[in-house]
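Structural overview for review
Residues per chain are reported as follows:
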Amino acid sequence: MQPSSRSKREGSPWTGLWAVFFKEMTDHLSSTRMRILEVLILLSAVGAVYAGAQTLRQTISEDPFLLLRVFTAAQDPLPSFIAFLSFFLPLAAIALGFDAINGEYNRNTLSRILAQPIYRDALLWGKFLAGLATLALILLALFLLVVGLSLIFLGVPPSSEEVARALLFLLATLAYTGVWLGIALVSSVLFRSAATSALTAIAVWLFFALFWGIISQLLAQAVAPLDPFDPESQLRQAEALLAFSRISPNTLYAEAIQALLNPGVRSLGPVLISQLEGALLGAPLPLGQSFLLAWPQLTGLIALTLLLFALTYVLFQRREVRA
Amino acid sequence: MVIETRGLTKRYGKVVAVDGLELSIEAGEVYGLLGPNGSGKTTTILMLLGLTEPSAGTVRVLGFDPAREPLSLKRQVGYLPDSVGFYGEMTAWENLAYIARLNGLPRALAQQRMERVLERMGLAEVAQRPVSTFSRGMRQRLGLAEVLLKEPKVVILDEPTLGLDPEAAQEFLKMIQGLKNEGITVLLSSHLLHQVQAICDRVGLFHQGKLVLEGRVEELAQRVLGGAYRIRLEATPLEGLAERLRALPGVSQVQTDAAGLKLEAQQDIRPQVAQVVLEAGATLQSLLLEQPSLDEVYARYFQEVRHAA
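Read on for an overview of the structure.

We now examine the overall build of chain B. The number of helices and strands found in chain B is 11 helices and 13 strands. When its C-alpha atoms are laid out on the principal axes, chain B stretches across 75 × 50 × 30 Å. A separation of at least 24 residues holds for 66% of the contacts in chain B among residues at least 6 apart in sequence.

The subject of this paragraph is the overall build of chain A. Looking only at helices and strands, one finds 12 helices and zero strands in chain A. Seen through its principal axes, chain A has C-alpha atoms that stretch 75 × 55 × 35 Å. Across the 323 residues in chain A, those meeting the buried criterion constitute 37%.

For the rest of this paragraph, the subject is the interface of chain A and chain B. Contacts between chain A and chain B engage 23 residues on the former and 26 residues on the latter. Breaking the side of chain A that touches chain B down by element, the ones donating at least two residues are helix H1 (17-30) and helix H6 (110-114) of chain A. If you tally residues by element for the side of chain A that touches chain B, the top one is H6(A), at three residues. Residue composition of the side of chain A that touches chain B, by class: eight nonpolar, eight polar and seven charged.

As a further point, take the packing of helix H9 (residues 194-223) of chain A against helix H10 (residues 231-245) of chain A. Residue and element names in this part refer to chain A. Interaxial distance between H9 and H10 falls to 8 Å at its minimum, and their mutual angle equals 140 degrees. Comparing the axis directions of H9 and H10 gives the class oblique. In this structure, the crossing between H9 and H10 has a hand that is right-handed. Contacts between H9 and H10 involve Trp212, Gly213, Ser216, Gln217, Leu219, Ala220, Gln221 and Val223 on the former and, on the latter, Gln237, Ala240, Leu241, Phe244 and Ser245. Partitioned by chemical class, the residues of the contact of H9 with H10 number seven nonpolar, six polar and no charged.

Turning to the nonpolar core, a few remarks are in order. Counting residues in hydrophobic clusters, the biggest one holds 147 residues, and the most contacted among them are Phe81(A), Ala172(A), Ala256(A), Ala145(B), Ile156(B) and Val186(B). With 13 residues, the top contributor of residues to this core is helix H8 (residues 160-190) of chain A. When neighbours within four sequence positions are excluded, Ala145(B) is seen to be in contact with Leu96(B), Val117(B), Leu118(B), Met121(B) and Leu123(B). If you look at the next biggest cluster of nonpolar residues, it comprises 13 residues, including Leu245(B), Leu263(B), Ala265(B) and Ile269(B).

Residue and element names in this part refer to chain B. As summarised here, the arrangement of the six strands in space is S5-S6-S7-S3-S8-S9, forming an open sheet in which the pairing is mixed. In this open sheet, the two strands that pair with only one neighbour each are strand S5 (77-80) and strand S9 (210-215). The mean angle between the axes of side-by-side strands here comes to 15 degrees, regardless of whether they run parallel or antiparallel. As paired strands, strand S6 (residues 154-158) and strand S7 (residues 185-190) are joined by five bridges and run parallel to one another. Looking at S7, one finds that Val155 is bridged to Val186. Along the sheet, helix H6 (residues 166-181) makes contact with strand S3 (30-34), S6 and S7, crossing S7 at roughly 155 degrees.

All names here are of chain B. Taken together, three strands build an open sheet; the order of strands is S2-S1-S4 and the sheet is antiparallel. The open sheet has two free edges, formed respectively by strand S2 (15-25) and strand S4 (56-61), since each of these has just one partner strand. The average undirected angle you get between the axes of adjacent strands in this sheet is 20 degrees.

This part covers the environment of Ser216(A). Residue and element names in this part refer to chain A. Of note, Ser216 is situated in helix H9. Ser216 sits in the buried class, given 20 other C-beta atoms within 10 Å. When the C-alpha positions of Ser216 and Ala283 are compared, they lie 32 Å apart, and in sequence the two are 67 residues distant. Setting aside residues up to four positions removed in sequence, Ser216 forms contacts with Leu241, Phe244 and Ser245.

Here is what the cut-offs are and how they apply
Residues numbered from 1 in each chain as written. Chains lettered and ligands numbered in written order. Predicted model: local features only at pLDDT ≥ 70, side-chain atom pairs only at ≥ 80, totals over all residues. Helix = DSSP H or I, 4+ residues; strand = E, 2+ residues; numbered from the N terminus. Contact = placed C-beta atoms within 7 Å. Buried ≥ 20, exposed ≤ 12 C-beta atoms within 10 Å, placed from the backbone. Nonpolar A, V, L, I, M, F, W, Y, C, P; charged D, E, K, R; others polar. Axes fitted to C-alpha atoms, helices over the stretch in contact; angles between N-to-C directions. Parallel < 35°, antiparallel > 145°, perpendicular 65-115°, else oblique. Left-handed = near helix turned anticlockwise from the far one by under 90°. Core = buried A, V, L, I, M, F, W, Y, C linked by C-beta atoms within 7 Å. Pairing = 2+ DSSP bridges.

Written out as C-alpha cells, the structure reads:
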C-alpha cells in the first residue's frame, strides 16, 4: 500500500477511551488530594447552608424561592454558597488536572501507554472526561447535601421550578469547572514540571479572580473615556466595562447563576429607565426567560471549555513522546 | 520481511537524528541495534512504532504503515522503553490489568494471560505489591511481562539491560533469548555491545544516525578485523616459540604478553600451532580460539574511519 496523505487513519480514535476513563477516575477518587478537597468543600457547604439558614429564618416575609436563597444568602463573616463554589471549584479542577499529561512523562509511563493500540485522542479525552466526571460527582454530592441540609434547617420543600433552576445552576457550575479543568490540562501539556504547571494554572485563576476586574476598568476608561457633558458616555463606559469583564470566566459564571438563581433579575447589563416602562419591578421571571437570559453566558462557558480542550489536543498531538 | 525501512530519516531542526536508514529484519530474528548514546537508536524505534513521525522515508512493520495503521501494528508489536515506568501506587497486577484493558482483551482471557506472564517472569508472588516497592530488575521484568501480555509477533526492546546488575542483565538476556525460541522477532537496542552480542543473530552498528555496519557478529569481525582468527596460547617455556610460530603459513601477527602468546592468523591453525609447540619441546597448557568481540569491531572500525578521514 502506498502511503498517501489522503488515506485515512485506521480505526476509531475512541479505542481504549473507557479504559483510560475508569483508570483515571479510580485514581482521582482514591487520591489524597481528593480527600483534602472533599473536606474543604464539605466544610464550606455546611458553613454556607448554616449561614444562609440563619439569615433566612430572620426574614418573615413570604418567599416562593426559599431554596434558591440558601444558595445566595450570605451572613458575615461567612460568604454565600455560590461564592464558596466559585472560589473552590477552580482550585479543585486545577488540583485534578495540573499533572494530567506531564505526570505521565515524569513517571515514564507515556511511551508505554502510547505503545498500546490506542490513539492519543483516547488518552486525552479519557483524562478530561474523568476529571469532569469526578468534579460532577463532587458537585452533585455537594448539591444534594446542601438541599438536604436546607430541608432540615428550613423545613420547606422546594417547588419544581426551584429544583429545575437549581439543576440548571448545577449545569452552569459544571461548565465553569470545565473551563478551569481545560486551563489545567493546557498547562499540564505546556510545562514538563508538575509544580510549574500547577503554579501557572493558579496564577491564571488569581489573575481572573483578582486583577481582571481592575484591568477591565482601566481598559474601559481608555476605550470609552468619561465626558462630564455627555451622559451617553457614561453608558458607553459601562458597556465597555461589561464587555471586557466578560472575557473572564468568573464574570460569565457569576452572571449566569445570577440569572438562574434570582428570578427577579431581568437583565445582566445596564438598564435604562425607559426600558423599565411597564415592568413590574421585583416580579419573578418564568424559568424559560431566566434561562434565555443566562444562555449567552452558558454557551460562552461551554465554548471556552471546548476551545481550551482543542488547544490541549493540538499541543499534545504535536508533542514528542520522548523528553 | 517483518520490519522494513526505506530511506528513513528524522530531523530535529538542523540535527539529523536518523539518516537514510535501510533496515530489513526477517521473521524470527534477534536483531541488535547497537551504537553509542545519541546515535539515533531510540528515534528509529519510535518511528517504527509510529510514536514519532519520520521526516522522510517509509516504514513497514508486519506490512503495516505506523502512521496510518497504528492500531493493528501496536496490537501485534510489544515495546519496552528504555526507562520503563509504572504507576507506582498501583500493584503489578493492576498495572497489567490496565494495559490488558487498553488492548481490549476480554476479562477472562486477560486474567489467564496475566497469571501466565507474571508466573513466567517470576513475579507471581509480588503481583499484589505496589510497583513503587519494586527493584529496577523487577520493573524490567514487569515491563517484559506487559509486552508478552498481548502475545506479540514482534518485540522491540530499548536498552533492555540498562541499569541492571550483571547477573540480572544475564538473566534478562536469557529471557529475551526465550522469545526467539517461540518464534517472536526481537529488535533490541543497546550501547553495551559485549552484553548483547551473544544473543543477537544479526547486528547493525549505528553511528551518528547512520547504519555503518551490518551483519552477523562473526562476519563483521571478519570484515573489520581483517578476517583474523585470534588464538590464545599458554605454554611453558615460551622462549623461542614466537619465532617458530611466526614462520607458520597464514600467521600475520604474534604477540607475547604476561599470560602467554596471542596469534592472529587467516585460518584456524590450532592443530599446526599445537604441533609447533610440541616440536619445540614445550608443554601446552591451553589453546583457545578467541571469539571476536563487538566492542573491538566497533573500536577498530572507527579507528579506521578516523584514519581515512
